[in-house]
Amino acid sequence: MSKPPTRPNSAYPSRSGTPSLRDVVHGVMKIFHHEKESEAHQIFRQQVGHQPKPALGLPQTINPDEETVPGIEHPGSTGVIYCSDRAIANGFNYANSHEWANLGQENIPLPVDSLEYAPTTGVKELREAVAHLYNDTYRKGKASQYTYENVCIVPGGRAGLSRVAAVIGDVYCSYQVPDYTAYDQVLSAFKRLVPVPTACHKYRLDIEQTKKDILTQGLAVVIASNPRNPTGQVIAGKDLKELVSLSRENTTIILDEFYSWYIYPDNEKDIGKSISSAEYVEDVNSDSVVIIDGLTKNWRLPGWRVCWVIGPKNLITALSQSGSFLDGGANHPMQLAALPLLEPSRVKIEKVALQRHFKAKRDHVLKRLHALHLDVEVPPQATFYVWLNLEKLPPPLNNGLTFFEELLKEQTIVIPGIFFDINPAHRRNLFNSPCHHYVRLSFGPPMKDLDKGLDAIGRVVAAARLGGTKKMGHSYKKSLESSSEINV
């Protein structure tokens, strides 16, 4: 009887010919050793803008044989755009999207019309409507009230962030990990903002640590999403009030509040309540609090590209100037179409319906993940995202990029956690990222798509747990050269 074969490259086989404990440990160490040994990670790095940035800050090129445009850098794609590009390489397109479970993003339609250019600060009527909505919702009985002069209409949240970043001087800017993917590009592109990381606590901003960092590191700006994308956590009540108070101590607080309606209270009487730092601003023109929000998430109208920045009057004047060269202003007819949507009585009805609907979908997704033994460490209190830790899965399925690539084979899209690692220099080994073992799942899609995607997750996880990992981590389709279908 012949001896059973030993594992290839095994330096220390056991006497019985079966892999020794040392073999197994070495095998696991090899899997975890470096991103260069993972195909999923190499595909990610090959896309322009995802390579580690050289010390001299030279621009990254799409084709190294071509000259770059002088002074222009490619900052790298956001998570949704990269994942859509990879999905297209695996057969996804918007014509056959019904065949896929897209848990990575949501899609919603719009009306049409044509008019002249709008002012770069936006149509006055819409600015007044935004100010009225915030005063009615958060500032009843307060002496200081928002006016249209405190509102700038912008063509999307990223445009708002860019306008704000363009007018901020040379300062230290605090950010947290994980947070919204676009902050990585903003902090990379606007060199006058010097990025300084601040640790998160239980997946949300740690206010005590932030206060210490302001004193010890001289932070002048704090930027954060609240509610937080991707973790689904929220700062509210006295914690939010304390954060806003820092704006009265020479620190500008920039809060991305796009998910302010997506709150899931335990008490039925609290259904319909939303959160905003506007509630705790004392003087709308002296407290340096900057709020970015819009129709994209709360009203579920991302294609309209109608958003706003709220802050002191002198900030709005500066944003008008930066908007004139950055984006030219928001779509005029869409601004007019948005006016009735901001009527406070209508908004109250919308918030109640939205919270009940998305709370039911959140609970459904958490229940199904629990059945798959994929329990969520800190369940989402807000947003429509689940921040899922994969660490307990068998390698290589236990990292976000490989998990994502395996699900593409099942026609399902999730967003790998590394996109929420705000790491402007991109030099960190991806395996060392604190977000490496996570993916973000959206429970925004229709229930049938959620179940289709969760079924796919169940199949992939079951295969891995039954020892099918040898077929994982390789043989992925390469991305197409053109991703013209993507317009996010």
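Residues numbered from 1 in each chain as written. Predicted model: local features only at pLDDT ≥ 70, side-chain atom pairs only at ≥ 80, totals over all residues. Heavy atoms only, no water.

1. Considering helix α11 (residues 344–371)
The condition that has to hold: Put simply, DSSP marks the helices as runs of H or I at least four residues long and the strands as runs of E at least two long, and each gets a number from the N terminus on. A helix's residues, less one, multiplied by 1.5 Å, set its expected span. Think of it in three bands: with a 1.4 Å probe and only protein chains considered, a residue is buried below 20% of the maximum accessible area for its type, exposed above 50%, and partly exposed in between. Only heavy atoms matter for contacts: two residues are in contact if any of them lie within 4.5 Å across the pair.
Along its 28 residues, α11 runs 41 Å from first to last C-alpha, staying within 8% of the 40 Å computed at 1.5 Å per residue. Pro344, Val347, Lys351, Leu354, Gln355, Phe358, Lys361, Arg362, Val365, Leu366 and Leu369 are the residues of α11 that are buried. Close packing links the buried residues of α11 with α4 (124–138), β10 (385–389), β13 (438–442) and α13 (447–465). At the exit of α11 stands His373, carrying a positive phi of roughly 60 degrees.

2. Considering the sheet that holds β10
Going by this rule: By the convention used here, strands pair only if DSSP detects at least 2 bridges between them.
Strands sit in the order β10-β13-β12 across an open sheet of three strands; the sheet is antiparallel. The sheet terminates laterally at β10 and β12 (415–416), the two strands that pair on one side only.

3. Things to note about the environment of Ala425
Tracing the backbone through its elements, the reader meets Ala425 in the loop between β12 and β13. Each C-alpha atom, one on Ala425 and one on Pro195, is 10.0 Å from the other, the two residues being 230 residues apart in sequence.

4. Thoughts on the nonpolar core
Convention followed: Put simply, buried Ala, Val, Leu, Ile, Met, Phe, Trp, Tyr and Cys residues joined by side-chain atoms within 4.5 Å make one nonpolar core.
Of all hydrophobic cores here, the largest spans 130 residues; its most connected members are Leu295, Trp299, Trp308, Leu342 and Phe403. Once residues lying within four places of it in the same chain are set aside, the contact partners of Leu342 are Leu126, Ala129, Val130, Leu133, Leu295, Trp299, Trp308 and Val347.

5. Digging into the pairing of strand β4 (residues 193–201)
Quick reminder of the rule: With strands facing away from the observer, any crossover in which the path from the first strand over the helix to the second runs clockwise is taken as right-handed.
Relative to β4, strand β3 (residues 171–177) runs parallel, the two sharing seven bridges. Residue pairing in the sheet places Ser174 in a bridge with Val196 of β4. Handedness of the crossover is the feature at issue here: the chain leaves β3, passes through helix α6 (residues 182–189), returns alongside β4, and the resulting connection is right-handed. In the sheet, β4 pairs with strand β5 (residues 204–205) via two bridges, with the strands oriented antiparallel. Within β5, the residue paired with Cys200 across the bridge is Leu205. Linkage of β4 to β5, two consecutive antiparallel strands, is achieved through a turn of two residues, within which Lys202 is found at a positive phi near 55 degrees.

6. Description of the pattern of salt bridges
When the charged atoms of two side chains lie near each other, side chains of opposite charge can form a pair. Filter applied, for reference: A pair is scored as a salt bridge if a Lys or Arg side-chain nitrogen falls within 4 Å of a carboxyl oxygen belonging to Asp or Glu.
Under the defined criterion, the tally for this structure stands at 25 salt bridges. Across the pair Arg204 and Asp239 runs a salt bridge, and its minimum N-O distance is 2.9 Å. Within this pair, whereas Arg204 is found in strand β5, its partner Asp239 is found in helix α8 (residues 237–245), the two being separated by 35 residues in sequence. Linked by salt bridges that have partners in common, Glu208, Lys211 and Glu242 make up one network.

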